[in-house]
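What the coordinates show
In case you want the letters, here they are:
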Amino acid sequence: MPLSEHLRELRNRLLACLAVLLVCSLAGLYFAPDIVELLLGIGRSYRYRFVYIAPQELLMQYVTIALVFGLCAALPMVFYQTWAFVQPGLRRQEKALCLFAMVFGLGCFCGGVYFAYRVMLPFMLRFLISLSAGSSAAASVSVQSYIAFLTTVFLVFGAVFELPVVSVILNRLGLLKARWMRKGRRVMIVVIFFTAAVITPPDVVSQVMVAAPITYLHAIKWQRRLMAM
């Protein structure tokens with residue numbers, strides 16, 4: 001296929017992705033108030049009070065949630081269009097690696113978000129609200145700050161759970177070897193605990209709760225087996 005045909009195909013596939021993203025985002029506007037209320041309900045269960053300090057702040061959070069909803073809903077179409085565009089030019093092993101990255105990458109990211117929602121987020125909110133015990137200060141949080149905090153937590157843990165997939169891809173590209181990971185295991189554990197200390201509240205328990213799953217993901221057997229193949 002000549003270059004002009006490739007560019008035309010790329011344009012058509014990008015337009016298809018944008019169209020689906022737009023439709024899903026518009027649909028997300030319908031569900032955005034319910035999603036925002038659900039997220040605020042998590043904080044209220046730990047005695048947080050929420051306010052918005054600008055007239056447009058609540059509306060902008062609806063728009064933000066709608067865009068995130070649209071992006072998540074459009075991901076299957078984005079993956080399909082990406083696969084359909086690159087698949088004809090890939091060899092068999094490259095096709096398998098690409099499918100692995102898409103399927104397992106999405107699964108690991110969703111697993112990280114679910115772990116953050118069910119385990120880490122309740123713990124962080126409970127710990128942070130406990131700091132105001134015995135203080136005259138009340139926890140009145142702006143909706144924008146709260147949504148930004150939740151988004152950061154979800155993205156961090158979604159990215160953390162991508163580590164096995166990233167390791168396998170780097171190995172297939174020749175940039176990372178399984179024996180390097182075994183030799184540098186002690187250094188990696190120190191780096192993992194340091195990173196966990198940066199992204200969590202300043203206490204040992206939350207640091208361990210973040211570092212433990214990362215260390216497990218770094219050492220899981222299926223990852224090493226795939227890298228050793």
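What counts and what doesn't
Residues numbered from 1 in each chain as written. Predicted model: local features only at pLDDT ≥ 70, side-chain atom pairs only at ≥ 80, totals over all residues. Heavy atoms only, no water. Phe/Tyr/Trp six-rings, centres within 6.5 Å; stacked < 30°, edge-to-face > 60°. Helix = DSSP H or I, 4+ residues; strand = E, 2+ residues; numbered from the N terminus. Buried < 20%, exposed > 50% of the residue type's maximum accessible area, 1.4 Å probe, protein only. Expected span 1.5 Å × (residues − 1). Contact = heavy atoms within 4.5 Å. pLDDT = per-residue confidence, 0-100. Axes fitted to C-alpha atoms, helices over the stretch in contact; angles between N-to-C directions. Parallel < 35°, antiparallel > 145°, perpendicular 65-115°, else oblique. Nonpolar A, V, L, I, M, F, W, Y, C, P; charged D, E, K, R; others polar. Salt bridge = Lys/Arg side-chain N within 4 Å of Asp/Glu carboxyl O. Bend = angle between axes of the 7 residues up to and from the residue. Patch = residues over 30% accessible without salt bridge, like charges linked within 9 Å, V, L, I, M, F, W, Y side chains within 5 Å. Areas by Shrake-Rupley, 256 points an atom, 1.4 Å probe, with all protein chains shown as cover. Core = buried A, V, L, I, M, F, W, Y, C linked by side-chain atoms within 4.5 Å.

**Considering the packing of aromatic side chains**
- Per the stated rule, a full pass over the model turns up 5 aromatic pairs.
- A ring pair is formed by phenylalanine 50 and tyrosine 146, whose centres lie 4.5 Å apart and whose planes are at 55°; its orientation type is tilted. With a gap of 96 residues between them, phenylalanine 50 in strand 1 (residues 49–51) and tyrosine 146 in helix 4 (residues 143–160) connect regions that are remote in the sequence.
- A relative accessible area of 16% means that phenylalanine 50 is categorised as buried.
- Chaining the aromatic ring pairs together yields one cluster made of Tyr30, Phe31 and Phe69.

**Focus: helix 2 (residues 57–86)**
- In this model helix 2 runs 41 Å from its N-terminal to its C-terminal C-alpha over 30 residues, within 8% of the 44 Å that 1.5 Å per residue would give.
- Three or more residues of helix 2 are buried, namely Glu57, Gln61, Ile65, Ala66, Gly70, Ala74, Gln81, Trp83 and Ala84.
- Elements in contact with the buried residues of helix 2: helix 1 (3–44), strand 1, helix 3 (92–130), strand 2 (140–142) and helix 4.

**Focus on the confidence of the model for the chain**
- When pLDDT is averaged along the chain, the result is 78, and 74% of the positions lie at 70 or above.
- Within the chain, the element-level pLDDT minimum falls on helix 9 (residues 221–228), averaging 49, and the maximum on helix 1, averaging 89.

**Points about the packing of helix 2 against helix 4**
- Where helix 2 meets helix 4, the closest approach of the two axes is 9 Å, and the angle between their N-to-C directions is 20°. When the interaxial angle is binned, helix 2 and helix 4 end up roughly parallel. Residue-level contacts link Glu57, Leu58, Gln61 and Ile65 of helix 2 to Val143, Gln144 and Ile147 of helix 4.
- Grouping the constituent residues of the contact of helix 2 with helix 4 by class yields 4 nonpolar, 2 polar and 1 charged.

**As for the pattern of salt bridges**
- Within this structure, the stated rule accounts for 3 salt bridges.
- Two residues, arginine 8 and glutamate 5, come together in a salt bridge whose shortest N-O distance is 2.8 Å. In this pair, arginine 8 and glutamate 5 both sit in helix 1, 3 residues apart, roughly one turn of the helix.
- Judged by relative accessible area, arginine 8 falls into the partly exposed class, the value being 37%.

**Remarks on helix 3**
- Taking 1.5 Å of rise per residue, 39 residues should cover 57 Å, and helix 3 covers 55 Å from first to last C-alpha, within 8% of that figure.
- Maximum bend of helix 3: about 45°, positioned at alanine 116.

**Quick word on a nonpolar patch on the surface**
- Together, Leu22, Leu26, Leu29, Leu59, Met60, Val63 and Leu67 make up a nonpolar patch on the protein surface, roughly 650 Å² of accessible area in all.
- Listed by contribution, the elements that provide at least two residues to the nonpolar patch are helix 1 and helix 2.
- Take the nonpolar patch: its biggest share by element is 4 residues, from helix 2.
- For leucine 59, the location among the structural elements is in helix 2.

**Regarding the nonpolar core**
- One finds Leu39, Ile42, Leu125, Tyr146 and Phe157 to be the most contacted residues of the largest nonpolar core, which totals 28 residues.
- Those elements giving two or more residues to this core turn out to be helix 1, helix 3, helix 4 and helix 5 (163–172).
- Residues within four places of isoleucine 42 in sequence aside, it is in contact with Tyr117, Leu121, Leu125 and Tyr146.

**Some points on the environment of phenylalanine 100**
- Its place among the elements puts phenylalanine 100 in helix 3.
- Residue classification places phenylalanine 100 among the buried residues on the basis of a relative accessible area of 12%.

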